[in-house]
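# Overview (structure and organization)
Listed below are the residues making up each chain.
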Amino acid sequence: MADVARRDRPLRVASYVLVQPGAERRADLETIAEYAARMGWQVASSTFADMGQPLPLVERSGFRQACRYAAQGFADGILAIARPAITTDNDTYAHVLDHLYQRHVFLAYLPSQGASTP
C-alpha cells in the first residue's frame, strides 16, 4: 500500500462479498464503500461477488474476477468484509496472499467489531 500512497493518489479497491444477491449483498457492498470512504480509498465501479456457502476458492468465479481485475491495474487491492469471505484454510490463504503479492495487489478487510477506524 505504501507504493500506491507514494504515487500521490488514493488507493483504489475492488469490493468483494460472499453473499446471496439481494438486500444483504447491497448492505455489505454499502458497508465496504463506507469504510473505504472513511479510509480515503476510492472504490472501483466494478464489484465482485459469489453466492451462498463458501465454495472452495478455485470454484468462486467472482473472487477470481476480482483478482484478475486488480492484477490488470484497475484496482490496487481487494476489500472484503472479513477473512472468512475469502477462506478459513490457512494454506489456501497463504497461497492467495502470495499470488496477490506477486501481482502487487493487496487484500484488506473491514476492522472487527469494536476496533476503531480513522
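Scroll up to find the structure this text is about.
Residues numbered from 1 in each chain as written. Predicted model: local features only at pLDDT ≥ 70, side-chain atom pairs only at ≥ 80, totals over all residues. Heavy atoms only, no water.

### Notes on helix 3 (residues 61–71)
- Those residues of helix 3 lying buried are Gly-62, Phe-63, Ala-66, Cys-67, Tyr-69 and Ala-70. One side of helix 3 holds all its buried residues, which, seen down the axis, span an arc of 160°.
- Tucked into the core, helix 3 has its buried residues touching strand 1 (12–18), strand 2 (42–50), strand 3 (77–80) and helix 4 (90–102).
- Backbone geometry just downstream of helix 3 places Gly-73 in the positive-phi region, at approximately 95°. (Buried < 20%, exposed > 50% of the residue type's maximum accessible area, 1.4 Å probe, protein only. Helix = DSSP H or I, 4+ residues; strand = E, 2+ residues; numbered from the N terminus. Arc of directions from axis to C-beta. Contact = heavy atoms within 4.5 Å.)

### Quick notes on the environment of Phe-63
- Turning to its location among the elements, Phe-63 is positioned in helix 3.
- Residue class for Phe-63 comes out buried when judged on its relative accessible area of 4%.
- C-alpha of Phe-63 to C-alpha of Val-17: the two residues are 46 residues apart in sequence and 8.5 Å apart in space.
- Look past the residues within four positions of Phe-63 in its chain and what remains in contact with it is Tyr-16, Asp-50, Leu-57, Ile-78, Ile-86 and Val-96.

### Comments concerning the packing of aromatic side chains
- Overall, the coordinates contain 5 aromatic pairs when judged by the stated rule.
- Summarising the aromatic geometry, the rings of Tyr-16 and Phe-63 are spaced 5.2 Å apart at their centres and angled 70° between planes, so their arrangement reads as edge-to-face. Separated by 47 residues along the polypeptide, Tyr-16 in strand 1 and Phe-63 in helix 3 bring together distant segments of the chain. Summarising the burial analysis for this pair, Tyr-16 and Phe-63 share the class buried. (Phe/Tyr/Trp six-rings, centres within 6.5 Å; stacked < 30°, edge-to-face > 60°.)

### Brief notes about the sheet that holds strand 3
- A sheet is described by the order of its strands in space; here 4 strands give the open sequence 2-1-3-4, paired in parallel fashion. On the outer flanks of this sheet lie strand 2 and strand 4 (106–109), each paired with one strand and no other. Between one strand axis and the next, the sheet turns through 25° on average, direction left out of account.
- Here strand 3 pairs with strand 4 via 4 bridges, running parallel. Paired with Ile-78 across the two strands is Leu-107, which belongs to strand 4. (Pairing = 2+ DSSP bridges. Axes fitted to C-alpha atoms, helices over the stretch in contact; angles between N-to-C directions.)

### Digging into helix 2 (residues 23–39)
- With 17 residues, helix 2 extends 24 Å between its outermost C-alpha atoms, agreeing within 8% with the 24 Å of an ideal straight helix rising 1.5 Å per residue.
- Contacts from the buried residues of helix 2 go to strand 1, strand 2, strand 3 and strand 4. (Expected span 1.5 Å × (residues − 1).)

### Things to note about the pairing of strand 2
- Alignment of strand 1 against strand 2, held across 6 bridges, turns out to be parallel. Opposite Ser-15, over in strand 2, you have Thr-47 as the bridge partner.
- Handedness of the strand 1-helix 2-strand 2 crossover: right-handed. (Right-handed = clockwise from strand over helix to strand, strands pointing away.)

### A short note on the nonpolar core
- Tyr-16, Phe-63, Ile-78, Ile-86, Val-96, Leu-100 and Leu-107 are the most contacted members of the largest nonpolar core, which has 22 residues in total.
- Broken down by secondary-structure element, the contributors of at least two residues to this core are strand 1, strand 2, helix 3, strand 3, helix 4 and strand 4.
- Here the element with the most residues in this core is helix 3; it accounts for 5 residues.
- When residues no more than four places from it in sequence are discounted, the contact partners of Ile-78 are Ala-14, Tyr-16, Phe-63, Ala-66, Cys-67, Ala-70, Leu-100, Val-105, Phe-106, Leu-107 and Ala-108.
- With 13 residues, the next largest nonpolar core counts Leu-11, Ile-32, Tyr-35 and Ala-36 among its residues. (Core = buried A, V, L, I, M, F, W, Y, C linked by side-chain atoms within 4.5 Å.)

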